[in-house]
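Each chain is listed here by its residues.
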Number of protein chains: 2
Amino acid sequence: MRTVDLIQRKRDGDELAPEEIDYLVDGYTNAEIPDYQMSAFLMAVYFSGMTDREVSRLTECMLRSGETVDLSAVPGIKVDKHSTGGVGDKTSLIVAPLAASAGVLVPMMSGRALGHTGGTLDKLESIPGFRTDITPEEARQLLSEVGLCFLSQTDRLAPADGKLYALRDVTATVESIPLIASSIMSKKLGEGLDALVLDVKVGSGAFMKKQVDARRLAQMMVGIGRRMDKRVQALITDMSQPLGYAVGNALEVMEASQTLQNAGPNDLTKLSIELAARMIYLARKTSSLDEARRLAEEKLVDGSGYRKFKQAVAAQGGNPQALDKFELLPNATGMREVTSPRGGYVSTIEAEYIGAASNMIGAGRDRKEDAIDPAVGIILEVKVGEKVDAGSVLCRIYYTREDHVEEAAEMVEDAFHISAQKPEERELILEVVG
Amino acid sequence: MRTVDLIQRKRDGDELAPEEIDYLVDGYTNAEIPDYQMSAFLMAVYFSGMTDREVSRLTECMLRSGETVDLSAVPGIKVDKHSTGGVGDKTSLIVAPLAASAGVLVPMMSGRALGHTGGTLDKLESIPGFRTDITPEEARQLLSEVGLCFLSQTDRLAPADGKLYALRDVTATVESIPLIASSIMSKKLGEGLDALVLDVKVGSGAFMKKQVDARRLAQMMVGIGRRMDKRVQALITDMSQPLGYAVGNALEVMEASQTLQNAGPNDLTKLSIELAARMIYLARKTSSLDEARRLAEEKLVDGSGYRKFKQAVAAQGGNPQALDKFELLPNATGMREVTSPRGGYVSTIEAEYIGAASNMIGAGRDRKEDAIDPAVGIILEVKVGEKVDAGSVLCRIYYTREDHVEEAAEMVEDAFHISAQKPEERELILEVVG
């Protein structure tokens, strides 16, 4: 087998055999295949795509390349949720405790902020004392005792994926649906899961800008899961405006807390209930999805989810009181209002701009090694479809340093589009796949 | 400027600006841009193509990367000929002396055999004593005194092309028309030429299998030449069967000699006259192409071309007597006939198989470092359209070692297709571009 022949066959649109995929991934991980051949192969995949059989094998190879967190010693059905990333997407903080309080075991494997989208681990670390560097032993213990743990994606999990991702990042081969699908699934299926609920975001604030691409990605991930005997469902959800009102780490923890106390934004509450219900249903805790929805709602309304969240935070070293007394969370020192230049209806809030503005004042990072400021962020005052007057507040920017505040304010202003007509309502949950 | 952004823009089909092409080629030549980014870029070019403006700039960059053989001190119009390579293509040996004997200065820059196609330098080196390692100073002298020299493409000529070609070879990005066009032209225009005649081969024995691809390649090369103020014309010629009868180094020198004595095969003679005529016309030695054709024919018939070839061979250290007395050339020790299994018409002679069979017994090389056997090769007895009886000889294989003779004979048998109907005649010169 020669690497150049495999590159050529992929270039020409052929399907590679399972052992050919193995040869490429194992060879690359062992440094037998050089970067320059792999990057040409990845660009060929960008253009020629991959079949479901190829992408499943690629995922298995990457999964096999690393350690898997063995959770089989913990009895019970384990279900995780994964979002492809958006602006203001704090559903993990709400959904995991809701599902856990309904009896689902939730090993929540999370990532960090990169680019304009946030990361669950960064949000959790804004809670004083919270530890995300959990060992496999601790994970098993937390899962047994609390039914929930928040885990960090380590480099040991799927090193082939880590190495491939670093190469994709510098060779313009990130935006390939089969490569995205296999990268996500190789990390998620490394946990020893039984089922997985996927939230594939689509819109200006998401990685996938078009619904057709989001659907293809969702289908591919569901297919990969099925081939590996996991129960997988995917929701395709709107990310044309931020989810909820809060964007920024501590600000999102506060909003998640409020939502778990049944005092959160409608969109965030609705999506969290739906995701938790799917987890409950896939864990076979109920016999129908409707029953699962009622159970998730019940756990929200009766405070079980909120209590579960506090318990989980405490178990990972965090101060649970910070979830009631927000003054215990990092707080910004300055605030700047952004007002509407004219009256009308909010027709669009470009999530990507809001995310980028929040990053600009320190809430996110452009490079992996950048530090983040947990206190800062943006809180929207209005959402798409609401009526505003000239001069009324559109959002508030919370900052600790004045450096980039003006720039961020300008970007936020550009994010809001005000129109004379009331815009058509857009569905939050667009499709279900699987 | 970031390399990854340029890869992405090429991937997305954008045209890169001249300074962006410079950045990539210069950066790669200076080892500031790593192989893995360049190979992703090359694969993106494979899929997205390049505009004429981009490919011209790429050629100029590669040209600038090396030494150019400065021939400006030699007064007169310099014209070269380049063939994209075929089986039995010995036209350089005929065309260069014909044009030179008509007063054109011909610095003939040649390559070596690789894959199933032959190389002019290898053919010339089968003449005892012939030297191809000519210095720029010697080249100028030969050009002044003989009007003709055969030069070797050195690594110093266009090192960026050499480095890029080596990378393309292992990343399945060789077969890209803009990359082929710029690679050829960067080496050809390094000689300080005034004009260039291109012979773009198409068919089973050529790199370009389809006429539409050959046309696009020809158009691109003509365009590159024009943008650099060179007069360039391209012929698109048939390579569905070998050119002439002889395939193999010394065997092709013999056939070229015969052709220069007006005793060669029709197809080879016809194409050589046409190519020489174009060189004469582009060098403005005649005021019309028809006049140039008559002049080229005259130089063939009156033996001027043949005498010029002998003079050039002697000037480069070769024994000119070997062009009369073929026993002075390396000769094979064994011969095997391949006969027709049935009567009928020769409908196809797959040039690629003939070239591969000739390679198999030592006439060519698979890798750059392989040695070749100048004596061996194949001589066809018939060409497409001729009638054969069952058992009549199709061709003879000349060998010095018996190792692969049977295998080669089988391949040659597969190359000949015999049909009941006489096949339609195929034009030798299919198109003229420029």
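Quantities reported herein were computed from a predicted structural model and do not represent experimental measurements.

1. Concerning the sheet that holds strand β7 (residues 334-339) of chain B
The pairing of strands in a sheet happens through backbone hydrogen bonds and is either parallel or antiparallel. Residue and element names in this part refer to chain B. Taken together, the four strands give an open sheet; going across it, the order is β6-β9-β11-β7, and neighbouring strands pair in antiparallel fashion. Of all strands in the sheet, those bounded by a partner on one side alone are β6 (246-247) and β7. On top of the sheet, helix α15 (residues 351-360) reaches β6 and β9 (377-380); it is set at about 140 degrees to β9, its chief contact. Its contacts with the sheet place helix α16 (residues 405-415) against β7, β9 and β11 (393-399), and it is angled at close to 30 degrees to β7.

2. Describing the domain arrangement of chain A
By a frequent convention, interface size equals the accessible area lost on bringing the separate parts together. Taken domain by domain, chain A holds domain 1 (3-49), domain 2 (79-323) and domain 3 (330-419). A separation of 43 Å is found between the C-alpha centroids of domain 1 of chain A and domain 3 of chain A.

3. What about the packing of helix α1 (residues 3-11) of chain B against helix α3 (residues 35-48) of chain B?
Residues and elements named next belong to chain B. Their axes nearest at 8 Å, the elements α1 and α3 cross at an angle of 15 degrees. With respect to each other, α1 and α3 are oriented roughly parallel. The element α1 and its partner α3 pack so that their crossing is left-handed. Residues T3, V4, L6, I7, K10 and R11 of α1 lie in contact with α3, whose contacting residues are Q37, A40, F41, A44, V45 and S48. For the contact of α1 with α3, the class distribution of residues is seven nonpolar, three polar and two charged.

4. Thoughts on the relation of the copies chain B and chain A
Mapping one chain copy onto the other needs a rotation about an axis and a shift along that axis. Of the two same-sequence chains, chain B is brought onto chain A (RMSD 0.0 Å, axial shift 0.1 Å) by a rotation of 180 degrees. As the rotation angle and translation indicate, the two copies are arranged about a two-fold axis. It is Y36(B) whose C-alpha, among those of chain B, lies nearest the rotation axis, at 1.8 Å. A shared binding surface is used by both copies, with 100% of the interface residues of chain B retained as interface residues in chain A.

5. Things to note about the sheet that holds strand β8 (residues 344-349) of chain B
Residue and element names in this part refer to chain B. What the three strands build is an open sheet, ordered β10-β8-β12; its pairing is antiparallel. Strand pairing shows two members of the sheet lacking a second neighbour, β10 (387-388) and β12 (416-419), which therefore form its edges. The pairing of β8 with β10 spans two bridges and is classified as antiparallel. Bridged to G344 within β10 is V388. Of the strands in this sheet, β8 and β12 are in contact with α16, which crosses β12 at around 40 degrees.

6. Observations concerning the nonpolar core
In terms of nonpolar packing, the biggest core is built from 102 residues, with M185(A) and M185(B) touching the most fellow members. If sequence neighbours within four positions are ignored, M185(B) has contacts with T59(B), L196(B), L198(B), M221(B), I224(B), G225(B) and V232(B).

7. Quick notes on empty space enclosed by the protein
Residue and element names in this part refer to chain A. This structure, assessed with the given rule, holds six cavities of 30 Å³ or more. If you trace the largest cavity, you find 19 residues lining it, with T117, G118, V247, E252 and S358 closest to the centre. Those elements that place two or more of their residues in the lining of the largest cavity are α11 (249-260) and α15 (351-360). A breakdown of the residues in the lining of the largest cavity according to their chemical character gives four nonpolar, 12 polar and three charged. Lining the lining of the largest cavity are residues from two domains, each supplying at least three of them: domain 2 (79-323) and domain 3 (330-419). Of the voids in this model, the second largest cavity is the one considered here, and its volume is about 120 Å³.

8. Focus on the interface of chain B and chain A
Taken together, the contacts link 22 residues of chain B with 22 residues of chain A. Roughly 1800 Å² of surface becomes buried between chain B and chain A when both sides are summed, with 67% attributable to carbon and sulfur atoms. Together, R11(B), Y36(B) and F47(B) form the three largest contributors to the area buried by chain B at its contact with chain A, with a combined 36%. Linking chain B with chain A are two salt bridges, by the criterion used here. The shortest N-O distance in the salt bridge between E175(B) and R11(A) comes to 2.8 Å. Inspection of the region where chain B meets chain A yields 11 residue pairs in polar contact (both at pLDDT 80 or more). Contributing elements (two or more residues each) for the side of chain B that touches chain A: α1, α3 and α8 (159-170) of chain B. Of the residues forming the side of chain B that touches chain A, the biggest block, 10 residues, is contributed by α3(B). When grouped by side-chain class, the residues that make up the side of chain B that touches chain A number 11 nonpolar, six polar and five charged.

Conventions and cut-offs
- Residues numbered from 1 in each chain as written.
- Chains lettered and ligands numbered in written order.
- Predicted model: local features only at pLDDT ≥ 70, side-chain atom pairs only at ≥ 80, totals over all residues.
- Heavy atoms only, no water.
- Pairing = 2+ DSSP bridges.
- Helix = DSSP H or I, 4+ residues; strand = E, 2+ residues; numbered from the N terminus.
- Contact = heavy atoms within 4.5 Å.
- Axes fitted to C-alpha atoms, helices over the stretch in contact; angles between N-to-C directions.
- Domains from an automatic or database assignment.
- Parallel < 35°, antiparallel > 145°, perpendicular 65-115°, else oblique.
- Left-handed = near helix turned anticlockwise from the far one by under 90°.
- Nonpolar A, V, L, I, M, F, W, Y, C, P; charged D, E, K, R; others polar.
- Least-squares fit on C-alpha atoms with pLDDT ≥ 70 in both.
- Core = buried A, V, L, I, M, F, W, Y, C linked by side-chain atoms within 4.5 Å.
- Buried < 20%, exposed > 50% of the residue type's maximum accessible area, 1.4 Å probe, protein only.
- 1 Å grid on protein atoms, 1.4 Å probe; cavity = no way out; pocket = protein on both sides within 12 Å on 5 of 7 lines; lining within 4 Å.
- Points joined across faces, edges and corners; volume = space filled by probe spheres on them.
- Buried area = accessible area lost by both parts, 1.4 Å probe.
- Salt bridge = Lys/Arg side-chain N within 4 Å of Asp/Glu carboxyl O.
- Polar contact = N/O pair within 3.5 Å; in protein donor to acceptor, adjacent residues only side chain to side chain.

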